[in-house]
Amino acid sequence: WIYILAQLAAAVLACSVFAFVSGPGPLNPYTAMADLELSWYEALAMWLSGSPPARLRTSGRDNITDVLVARRDVGRTEVERQGGPTSSSTA
């Protein structure tokens, strides 16, 4: 039994180190609440299912990466419309 418990403890420790080093990703509830302006329930549901809320998706097959790219592009378009720097003028 001690061998099984030691193996389990080693696996948990290895996963914990990996999670700490890689940092919170876009599915982390706290990160999602800040970046995507989600409620706690929506962030928790997205963390468990891996699928963003329907109100953020443009199609039924969008994943979190698609949503983040679309939000980044919308932000970039708004900055350009207000006369801010563009990617072509910063060379």
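Scroll up a little and you will see the structure.
It should be emphasised that the depicted structure is a prediction, and the values quoted were computed from it without experimental measurement. (Residues numbered from 1 in each chain as written. Predicted model: local features only at pLDDT ≥ 70, side-chain atom pairs only at ≥ 80, totals over all residues. Heavy atoms only, no water.)

Some points on the overall build of the chain
Thought 1: Per the secondary structure count, the chain includes four helices and zero strands.
Thought 2: Each helix (α) and strand (β) of the chain, taken in turn from the N terminus, gives the series α-α-α-α.
Thought 3: Look at the contacts in the chain between residues 6 or more apart in sequence, and 18% of them connect residues 24 or more apart.
Thought 4: Carbon together with sulfur atoms contributes 64% to the accessible area of the chain, which is approximately 7200 Å² in total. (Helix = DSSP H or I, 4+ residues; strand = E, 2+ residues; numbered from the N terminus. Contact = heavy atoms within 4.5 Å. Areas by Shrake-Rupley, 256 points an atom, 1.4 Å probe, with all protein chains shown as cover.)

Some points on the packing of aromatic side chains
Thought 1: For the coordinates displayed, the defined rule picks out one aromatic pair.
Thought 2: With centroids separated by 5.7 Å and ring planes inclined at 40°, the aromatic side chains of tyrosine 30 and tryptophan 40 adopt a geometry described as tilted. Here tyrosine 30 is found in helix α2 (residues 29–36), whereas its partner tryptophan 40 is found in helix α3 (residues 40–49), with ten residues between them in sequence. (Phe/Tyr/Trp six-rings, centres within 6.5 Å; stacked < 30°, edge-to-face > 60°.)

Notes on the nonpolar core
Thought 1: Ala32, Leu36, Leu38, Ala43, Met46, Leu56, Ile64 and Val67 form the largest nonpolar core, which has eight residues in total.
Thought 2: Within the residue set of this core, elements represented by two or more residues are α2, α3 and α4 (64–81).
Thought 3: Those residues within four positions of alanine 32 in sequence are excluded, and the remaining contacts are Pro26, Glu37, Leu38, Ala43 and Met46. (Core = buried A, V, L, I, M, F, W, Y, C linked by side-chain atoms within 4.5 Å. Buried < 20%, exposed > 50% of the residue type's maximum accessible area, 1.4 Å probe, protein only.)

Things to note about the pattern of salt bridges
A side chain of one charge can pair with a side chain of the opposite charge if their charged atoms are brought near each other.
Thought 1: Using the criterion set out here, one finds two salt bridges in the structure.
Thought 2: Taking the shortest distance from any N to any O, the salt bridge between aspartate 73 and arginine 72 comes out at 3.6 Å. (Salt bridge = Lys/Arg side-chain N within 4 Å of Asp/Glu carboxyl O.)

Comments concerning unusual backbone geometry
Thought 1: Here glutamate 37, not a glycine, exhibits a phi torsion of approximately 55°, which is positive.
Thought 2: Structurally, glutamate 37 is set in the loop between α2 and α3.

A few points about the packing of α2 against α3
Thought 1: The interhelical angle for the contact between α2 and α3, taken along N-to-C directions, is 125°, at an axis separation of 9 Å. When the axes of α2 and α3 are compared, the pair comes out oblique. Viewed along their axes, α2 and α3 form a crossing whose handedness is right-handed. Residues Pro29, Tyr30, Ala32, Met33 and Leu36 of α2 form the contact with α3, whose own contacting residues are Trp40, Ala43, Met46 and Trp47.
Thought 2: Residues that form the contact of α2 with α3 fall into these classes: nine nonpolar, no polar and no charged. (Axes fitted to C-alpha atoms, helices over the stretch in contact; angles between N-to-C directions. Parallel < 35°, antiparallel > 145°, perpendicular 65-115°, else oblique. Left-handed = near helix turned anticlockwise from the far one by under 90°. Nonpolar A, V, L, I, M, F, W, Y, C, P; charged D, E, K, R; others polar.)

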